[in-house]
Each structure stands twice: as C-alpha cells, then as structure tokens.
Amino acid sequence: MLIDLKKITHVSRRITQTLGPGWWEKAGDKGLVLGFEDPLSVSVEIYRAGDKYVLEGSLNGSLQVRCDRCTESYRRELKTAFRLFLAPPPRDGFDEEVALTPEDLAGDFIVGETVELDDIIREQIYLAVPMKSLCRIDCRGLCPECGADLNQGDCRCLKSSGRPEFAKLKNLKFEGE
Ligand SMILES: [Zn+2]
Ligand SMILES: [Zn+2]
C-alpha cells in the first residue's frame, strides 16, 4: 500500500489493514519466513514532525517459520511494535543542513513523495524473527550423516553408535551408573 506523504500532516493518520497469506506469497520470498498462519493485523499511525514523518505501528498475527536446525516449518507468534522516522532524501542545496543520523536510514523507503508501507511491514516481520529461529528450544535437528530429522526418533547412525562421539557419550553414561 502506497502512502502519499503530501497528504500527511501533523495530525496523525491511522491506517489499519489485515493481510492474508497471499500478501506474503506475492513477495515470492521462501527464506526463513514461509508465510502466514493467521491473517496479519497491521495498525499504523503516521504524522509529520518538522521535515520528517513519524510512523508508529504494530503487527499482530502468526507466521510459518523455518526452523534453523531441523528445517521444518513451525508456527511462531508475531507481535511487534515499531517506530520509524522517515526523512525525505536531501534535496540539492539543502544537503549541508541535513544531519544524517541512523534514524534517517529509514528514508530508503521514501520514493518520490510516497512510502511503500508493504516494504516497511516486510522488514519489520524479518526483524521480529531471530536469526537462530528454532521450532522448540530442544530441537534435535538433522543427523549430519544421513539427514534424518532426529525429532522423529533416532536414525540408524545413532542407533549403531558407530560414531566415536556417540560411543563416548554412551560410555560416560555407563560410568555414571
Ligand atoms: Zn527444529
Ligand atoms: Zn543418521
């Protein structure tokens, strides 16, 4: 959804949207986030502050995320709130007066005099999912030998205990008994 900044004043404007699974699929991204489990509620307020725009929003829903360890998809709640400062790119002649702060990086989202809200939402979704995203804290992951999902049970490699590290673990256990 494009927001026309020319229409944004110091009076905050609220935008609410519900995005269905198709919205994410359209982005064609099949990385960490596979899709939506539930429709995503988006609530955004935008207003002008001096020569900048302030965008405050929240996202509520749940995602289908790929587990970093076993590669299976799992459901992950998404509840996030964010605040961005949008600064129009500096114009010729005004450059000296513009002090660049990290906040101004959000200016990337401004094209002409519009902001693509979809891009901002997509980035916030990515920011809300940790790099190491696990389906559960004790996910056993995949066997490095045969690739079996060890959450489904031990694979043959583990059972035969032919690997030295597993044999050692077994011995330790025996010693303790
Ligand atoms: Zn997992
Ligand atoms: Zn195995």
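Use the structure listed above.
Calculation criteria
Residues numbered from 1 in each chain as written. Chains lettered and ligands numbered in written order. Predicted model: local features only at pLDDT ≥ 70, side-chain atom pairs only at ≥ 80, totals over all residues. Heavy atoms only, no water. Helix = DSSP H or I, 4+ residues; strand = E, 2+ residues; numbered from the N terminus. Buried < 20%, exposed > 50% of the residue type's maximum accessible area, 1.4 Å probe, protein only. Contact = heavy atoms within 4.5 Å. Areas by Shrake-Rupley, 256 points an atom, 1.4 Å probe, with all protein chains shown as cover. Donors = N, O, S within 2.8 Å, 3.2 Å for Na, K, Ca; no water. Tetrahedral: all angles 85-135°; square planar, octahedral: opposite > 155°, others 65-115°. Pairing = 2+ DSSP bridges. Axes fitted to C-alpha atoms, helices over the stretch in contact; angles between N-to-C directions.

Draft legend 1. Main features of the overall build of the protein chain. The secondary structure content of the protein chain amounts to 4 helices and 7 strands. Taken from N to C terminus, the helices and strands of the protein chain fall in the order β-β-α-β-β-β-β-β-α-α-α. In the protein chain, buried positions account for 34% of the 177 residues. Across the protein chain, every contact between residues at least 6 apart in sequence was considered, and the portion connecting residues at least 24 apart equals 59%. A total of about 11,100 Å² of accessible surface is found on the protein chain, and carbon and sulfur atoms cover 52% of it.

Draft legend 2. Focus on the coordination of the zinc ion (ligand 1). Protein coordination at the zinc ion (ligand 1) comes from Cys67 (SG), Cys70 (SG), Cys135 (SG) and Cys139 (SG), with a distance range of 2.3 Å. For the zinc ion (ligand 1), the 4 donor atoms in the first shell make angles of 105 to 113° at the metal, a pattern classed as tetrahedral. For the zinc ion (ligand 1), the donor residues sit on a single chain with the sequence spacing C-x2-C-x64-C-x3-C. Using a relative accessible area of 27% as the deciding quantity, one classes Cys135 as partly exposed.

Draft legend 3. Spatial organisation of the sheet that holds strand E5 (residues 73-86). Reading across from one edge, E2-E3-E4-E5 is the order of the 4 strands in this open sheet, with antiparallel pairing throughout. A strand with exactly one partner marks an edge of an open sheet, and here the two such strands are strand E2 (13-19) and E5. If you compare each strand with its neighbour and ignore which way they point, the axes differ by 5° on average. When strand E4 (residues 52-66) meets E5, the two strands line up antiparallel, connected through 14 bridges. If you follow Glu56 over to E5, its bridge partner there is Arg83. Set on the sheet, helix H2 (residues 117-128) makes contact with E2, strand E3 (33-49), E4 and E5; between it and E5 the angle comes to about 125°.

Draft legend 4. A look at unusual backbone geometry. One non-glycine residue with positive phi stands out, namely Thr71, at about 65°. Structurally, the position occupied by Thr71 is in the loop between E4 and E5. Relative accessible area serves as the criterion here: at 40%, Thr71 is assigned to the partly exposed category.

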